[in-house]
Amino acid sequence: MADDAEYKDLYAKRKVTIERVFADAKGKYGVRYTFYRGLAQVSKWVRLEFVAMNLKKLAKWKAKRQRSALFPPLSIYLSILHFAACLLFFGQAVF
């Protein structure tokens, strides 16, 4: 019975951390549906989306550590990079 409480705590943490990533991917990055056919194209698209998500997280983390009014937030540059990468790889922007 002691294990049940431990697993409940672990599951509660999972809902906050891991499930949040997939919810953001589906809600903010449009990973719920795809416009591509074939495992290779869909895999490439999903990887690109998760790379963009991770870069954006990194930018936010670095911005918290270094508050600078001289430069715009790095997330703006990463959003532009994401847009350009989608155009380059797929011929269309995916948001």
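As a reminder, the structure under discussion sits directly above these lines.
From a predicted model like this one, the values you see are computed outputs, not experimental measurements.

What to know about a nonpolar patch on the surface
- On the surface, Val51, Leu55, Leu58, Trp61 and Leu81 cluster together into a nonpolar patch covering about 450 Å² of accessible area.
- With four residues, the top contributor of residues to the nonpolar patch is helix α2 (residues 39–65).
- When you line up the elements, Leu81 lands in helix α3 (residues 74–90).
- A residue is classified by how much of its surface remains accessible, and Leu81, at 47% relative accessible area, is partly exposed.

Description of the packing of aromatic side chains
- Applying the stated criterion across every chain, the model contains two aromatic pairs.
- Consider the rings of Phe22 and Phe50, whose centres lie 6.2 Å apart with planes at 70°: the pair is edge-to-face. Placement of Phe22 in helix α1 (residues 2–28) and of Phe50 in helix α2 is noted, with a sequence separation of 28 residues between them.
- Judged by centre distance (6.0 Å) and plane angle (50°), the rings of Tyr36 and Trp45 are tilted. When sorted by exposure, Tyr36 lands in the same class as Trp45, which is buried.

How each quantity is defined
Residues numbered from 1 in each chain as written. Predicted model: local features only at pLDDT ≥ 70, side-chain atom pairs only at ≥ 80, totals over all residues. Heavy atoms only, no water. Patch = residues over 30% accessible without salt bridge, like charges linked within 9 Å, V, L, I, M, F, W, Y side chains within 5 Å. Areas by Shrake-Rupley, 256 points an atom, 1.4 Å probe, with all protein chains shown as cover. Salt bridge = Lys/Arg side-chain N within 4 Å of Asp/Glu carboxyl O. Helix = DSSP H or I, 4+ residues; strand = E, 2+ residues; numbered from the N terminus. Buried < 20%, exposed > 50% of the residue type's maximum accessible area, 1.4 Å probe, protein only. Phe/Tyr/Trp six-rings, centres within 6.5 Å; stacked < 30°, edge-to-face > 60°.

Function cannot be read off these values alone, since they describe shape.
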